Amino acid sequence: MMHECPSLIRARRIYTSFKPTKYVESIVVLNGRVVYAGEATEAAQIARDLARSASCGRPRLYEFDGVALPGFVDAHLHVQGIGLYKYSIKLNDVESLDDLLARVSKESKRFSEWIIGRGWDQERMGTWPTRFDLDEVVSDKPVILMRVCGHAAVLNTEAMKRLGLLDDRSSPLIDRGCNGEPTGIVFEELAERAYREAVKSLDPLKLVIEGVNEALKHGITMIGTMDVDEHAFRGLVSAWNMGLLRIRVRAYISKELFDKFYSIGAVPVFGGPFFRISGVKIYMDGSLGARTAWLREPYSDDPGNKGRPLLRAPEVAEVARKAKEWGLDVAAHAIGDAAILEAIKGFRMSDCGCRIEHASLAPPDVLEELSSMNIRVAVQPRFLISDWWAHERLGERTRWLYPFRSMLNKGIVIGFSSDAPVEPLNPLEGVYAAVTRGSLLSYTREEAIDPETALHLYTAGSAQVLGEPRAGCLEPGCFGDLAILSEDPLEVDVEDLPGLRIDATIVGGELVWEKQ
């Protein structure tokens, strides 16, 4: 059997794991896997012997002044969306409607077809934008501006016409003013439908490669990319076939795409170490920010509203049953407590130890249910910073938001992720948020975790959620995937964590990104 040339990797310190926290001087990687982790002299001898056996002269040598960790694993993001965000009008920092309109007016000229933007938040701006506002700056091209959460969007009149929404008088997903006229705000499936229509005009391969490259810059070596539709699927398959996927991708296809494949009896279950179709993504509800997350009790700042369910337990069970036929996982987006319990009910009906995404509002009884079913949970700690308005939405229930420590105490398997482009991709921002509890500290102080645990959850913990025991570690047998940091994250002040520099990223023992 032919072997590739081994890689010998040295750094000031190489953490092989964080639970327990262990580190070595050097590691040796062969055929993409760690074969030795330990003392520098022995590592060098093993690497030379392997290189001699492979007739490649000498091992590849990577030496760094900084500290190496297992490559970060982001269990829940949207790789095409990250690429699209780089192309879109960025609206995360707009403070007013005037700011939003000025930015759209300034940047609209660079778009040949659909004008796409993302990131606005009505809480930050103090008002919801409308199609009439957008028409003042762009009336001849379709415009879609996604809210930061991705569960609501504002369209201009031209976009509403192209999608046939101006004549729709019955859909509850179309917001209407006092006179019954559509305001241009659409929610959930309609927002997603509009977004996907706009994206069709763009090259899917380019978007995927942009997203992958951005992840590598942050030391991320494995991703769970969610809700992969037909357009994104084409981009991923093209990148894989062309050898351009320099990151390990575990894809969860959209329910619509899964249903399409299932109907013809040809669900793609191909894949390997770098690309695999892992599961199906479904939606139980919306978001807290858009007040569409499904709650058991009404929103504190909207007493007549509990959000709305998007799926019921029997539908969840049916998807899970079909997915199991093809050996696929199911990941259920569930933010509100009612949505989480409904997803659990559906998983119980199908005997599925599947995944729940977000599990944002999780009171003690919900945690008991999660624990009893051995359900894995992908959480996003950066929400602790961006959900600064949460107490207005939930009142006393805020104390049950993102209860990471309680989840761990219940034995629930959780992993960290970014949900990028909804939140920043940088894993160290997520680590910082989990340790400090961000803007929700005064309500959820007891749920803070220590840096070692947070780093574990962004490496081996996330890998466990993805069902990948060889990722997020650097012991022999693990993938040879590393993130090289300028400083040791366990030795700096916690306030400095988000600003730590990533110097290089290694995947399978090969340098795939290096800071210039």
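This is a predicted model, so every value here is computed, not measured. (Residues numbered from 1 in each chain as written. Predicted model: local features only at pLDDT ≥ 70, side-chain atom pairs only at ≥ 80, totals over all residues. Heavy atoms only, no water.)

*Asks:* Outline the overall build of the protein chain, listing residues and values.
*Replies:* Helix and strand content of the protein chain: 20 helices and 22 strands. The C-alpha extent of the protein chain, read off along each of the three principal axes, is 80 × 50 × 50 Å. Out of the 516 residues in the protein chain, the part that is buried amounts to 60%. Considering only residue pairs separated by 6 or more positions, the protein chain has 73% of its internal contacts joining residues 24 or more positions apart. Roughly 19700 Å² of accessible area belongs to the protein chain as shown, and the carbon and sulfur atoms make up 49% of that amount. (Helix = DSSP H or I, 4+ residues; strand = E, 2+ residues; numbered from the N terminus. Buried < 20%, exposed > 50% of the residue type's maximum accessible area, 1.4 Å probe, protein only. Contact = heavy atoms within 4.5 Å. Areas by Shrake-Rupley, 256 points an atom, 1.4 Å probe, with all protein chains shown as cover.)

*Asks:* Please give an account of the pattern of salt bridges that cites residues and values.
*Replies:* Following the criterion strictly, the structure yields 42 salt bridges and no others. For arginine 291, the salt bridge goes to glutamate 123, with nearest N and O atoms at 3.7 Å. Linking arginine 291 in the loop between β15 (275-283) and α11 (313-325) with glutamate 123 in helix α4 (residues 122-125), this pair joins segments that are 168 residues apart in sequence. The salt bridge involving glutamate 396 is made with arginine 399; its shortest N-O contact spans 4.0 Å. Accessibility expressed as a relative area gives 36% for arginine 399, which makes it partly exposed. Because the salt bridges share partners, they merge into one network encompassing Glu192, Arg196, Asp227, Asp229 and Glu256. (Salt bridge = Lys/Arg side-chain N within 4 Å of Asp/Glu carboxyl O.)

*Asks:* So what's going on with the packing of helix α8 (residues 204-217) against helix α9 (residues 230-241)? Residues and values would help.
*Replies:* It is the contact of α8 with α9, at a shortest axis distance of 8 Å, that shows an interaxial angle of 70°. By the angle between their axes, α8 is roughly perpendicular relative to α9. Of α9, the residues touching α8 (which contributes Pro204, Leu205, Leu207, Val208 and Ile209) are His231, Ala232, Arg234, Gly235, Leu236, Ser238 and Ala239. (Axes fitted to C-alpha atoms, helices over the stretch in contact; angles between N-to-C directions. Parallel < 35°, antiparallel > 145°, perpendicular 65-115°, else oblique.)

*Asks:* Can you lay out the pairing of strand β6 (residues 72-77) for me, pointing to particular residues and giving the numbers?
*Replies:* The buried count for β6 comes to six of six residues, which makes it a mostly enclosed element. By the bridge criterion, four bridges tie β6 to strand β13 (residues 220-228) in an arrangement that is parallel. Note that in β13 the partner of valine 73 across the bridge is methionine 222. (Pairing = 2+ DSSP bridges.)

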